[in-house]
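# Breakdown of the fold
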Amino acid sequence: MRILCVSDIVDRYLYNSDESRNINPDLIVSCGDLPRDYLEFLMSKFNVPLFFVQGNHDNYFPEVSLCGLHRSKFDFTSQHDYTKCFAGVNIDGKLVTFRGVTFVGFEGCNRYSDGPHQYTQEEMKMKVRKVYWKLFLRKTIFNLGVDVIVTHAPPYGIHDNTDIVHTGFKAFIDIMERFKPKYLIHGHTHIYDIRESKVSDYKGTKVINCYGYYVLDLP
């Protein structure tokens with residue numbers, strides 16, 4: 001299965017290039033901080049479903065009204081109201097299986113203001129532990145784990161930075177050590193040097209920074 005992972009910036013190659021259709025994904029996964037109508041565009045272009053978590057700059061649901069955050073940075077030159085037609089699947093705090101691959105998602109970043117989708121280390125720890133019992137039952141009863149963890153922020157000490165905004169979560173280290181997912185994909189930390197690696201290994205889990213886009217092929 002091929003997954004198109006996206007995060008943080010509207011990638012011109014995906015938007016402008018017909019050649020990008022050759023990516024031919026089975027699923028799109030967004031790690032956050034992307035305009036909702038851009039994600040809708042990708043769903044239409046590739047005609048595949050979307051799983052997502054929200055980033056600290058997202059507000060995909062109009063009932064949670066925060067001044068300015070719902071306005072798209074992606075100009076369709078259209079009068080269509082996208083605020084009530086978002087068709088992606090929010091996997092924050094949920095276990096979701098697609099074509100035999102199990103995902104779990106966690107939105108947000110380290111708390112630095114009163115904005116949306118921000119958590120202290122302790123708050124994220126409690127949020128992650130709410131899914132532990134589901135993962136434990138899957139492992140104990142069915143001998144099944146989780147294949148892909150989808151987050152906005154990176155794990156603590158992996159692809160993160162030292163400033164408070166971009167500090168990773170220790171809870172993501174804990175869940176990787178306990179349940180041994182094959183992949184953890186995230187966004188939030190921008191990559192400005194093309195020589196910088198997007199992929200790291202942590203005790204058998206591939207940690208992937210999906211800034212812009214990343215094509216993940218699963219066996």
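As the structure is a computational prediction, the values presented were derived from the model and not from experiment. (Residues numbered from 1 in each chain as written. Predicted model: local features only at pLDDT ≥ 70, side-chain atom pairs only at ≥ 80, totals over all residues. Heavy atoms only, no water.)

Let's shift gears to helix α3 (residues 121-129). Within α3, burial applies to Met124, Lys127 and Val128. End-on view of α3: buried residues confined to an arc of 95°, all on one side of the axis. For α3, the secondary structure elements touched by its buried residues are β6 (101-106), β8 (118-119), α4 (132-142) and α5 (170-179). (Buried < 20%, exposed > 50% of the residue type's maximum accessible area, 1.4 Å probe, protein only. Helix = DSSP H or I, 4+ residues; strand = E, 2+ residues; numbered from the N terminus. Arc of directions from axis to C-beta. Contact = heavy atoms within 4.5 Å.)

Throughout the structure, instances matching the rule amount to 7 aromatic pairs. Ring geometry for Phe51 and Phe103: centres 5.4 Å apart, planes at 80°, overall edge-to-face. Here Phe103 lies in strand β6 and Phe51 lies in strand β3 (residues 50-52), a separation of 52 residues in the sequence. The same class applies to Phe51 as to Phe103, namely buried. In textbook terms, an aromatic cluster arises when at least three aromatic residues are bridged by ring pairs, as seen for Phe51, Phe98 and Phe103. Against the face of Tyr156 rests Lys170, its NZ or CZ located 5.1 Å from the ring centre. (Phe/Tyr/Trp six-rings, centres within 6.5 Å; stacked < 30°, edge-to-face > 60°. Lys NZ or Arg CZ within 6 Å of the ring centre and 35° of its normal.)

In this fold, Asp92 is placed in the loop between β4 (89-90) and β5 (95-98). Looking at Asp92, the relative accessible area reads 16%, which means it is buried. At 2.9 Å, the side chain of Asp92 and the side chain of Lys127 are in polar contact. Those residues within four positions of Asp92 in sequence are excluded, and the remaining contacts are Phe52, Val53, Gly105, Phe106, Glu107 and Lys127. (Polar contact = N/O pair within 3.5 Å; in protein donor to acceptor, adjacent residues only side chain to side chain.)

Attention now moves to the packing of α3 against α5. Angle between the axes and distance between the axes: these two values describe a pair of packed helices. It is at 8 Å that the axes of α3 and α5 come closest, and there the two elements cross at 30°. Relative to α5, α3 is oriented roughly parallel. For the pair α3 and α5, the contacting residues are Gln121, Met124, Lys125, Val128 and Arg129 in the first and Lys170, Ala171, Phe172, Asp174, Ile175 and Arg178 in the second. Class assignment of the residues belonging to the contact of α3 with α5 gives a composition of 5 nonpolar, 1 polar and 5 charged. (Axes fitted to C-alpha atoms, helices over the stretch in contact; angles between N-to-C directions. Parallel < 35°, antiparallel > 145°, perpendicular 65-115°, else oblique. Nonpolar A, V, L, I, M, F, W, Y, C, P; charged D, E, K, R; others polar.)

In this section: the pairing of β6. Among the 6 residues of β6, 6 are classified as buried, and the element is accordingly described as predominantly covered. By the alternation rule, side chains of β6 split into Val101, Phe103 and Gly105 and Thr102, Val104 and Phe106, which are all buried. Here β5 runs beside β6; their pairing, made up of 4 bridges, is antiparallel. Opposite Val96, over in β6, you have Phe103 as the bridge partner. The antiparallel pairing of β5 with β6 creates a hairpin that spans 2 residues between the two strands, and Arg99 there sits at a positive phi of about 50°. By the bridge criterion, 4 bridges tie β6 to strand β9 (residues 148-151) in an arrangement that is parallel. Note on β9: the bridge partner recorded for Phe106 is Thr151. (Pairing = 2+ DSSP bridges.)

Bringing the layout of surface pockets into the picture now. Estimated volume of the second largest pocket: approximately 180 Å³. Lining the second largest pocket are 13 residues, with Lys139, Leu144, Gly145, Val146 and Phe179 sitting closest to its centre. Counting only elements with at least two residues in the lining of the second largest pocket, the list comes to α4 and α5. Broken down by element, the residue count for the lining of the second largest pocket peaks at 3 residues, all from α4. Per-class residue counts for the lining of the second largest pocket are 4 nonpolar, 3 polar and 6 charged. (1 Å grid on protein atoms, 1.4 Å probe; cavity = no way out; pocket = protein on both sides within 12 Å on 5 of 7 lines; lining within 4 Å. Points joined across faces, edges and corners; volume = space filled by probe spheres on them.)

Further remarks concern the sheet that holds strand β11 (residues 199-202). A sheet is described by the order of its strands in space; here 6 strands give the open sequence β5-β6-β9-β10-β12-β11, paired in mixed fashion. Edge strands, defined here as strands with exactly one partner in the open sheet, are β5 and β11. For this sheet, the mean inter-axis angle between neighbouring strands, taken without regard to orientation, is 25°. Inspection of the sheet shows strand β10 (residues 183-186) paired to strand β12 (residues 205-209) by 4 bridges, in the parallel sense. From the neighbouring strand, Tyr183 faces β12, where its bridge partner is Lys206. The sheet contacts of α5 involve β6, β9, β10, β11 and β12, and relative to β11 the element is tilted by about 60°.

In short, shape yes, function no, at least from these values alone.
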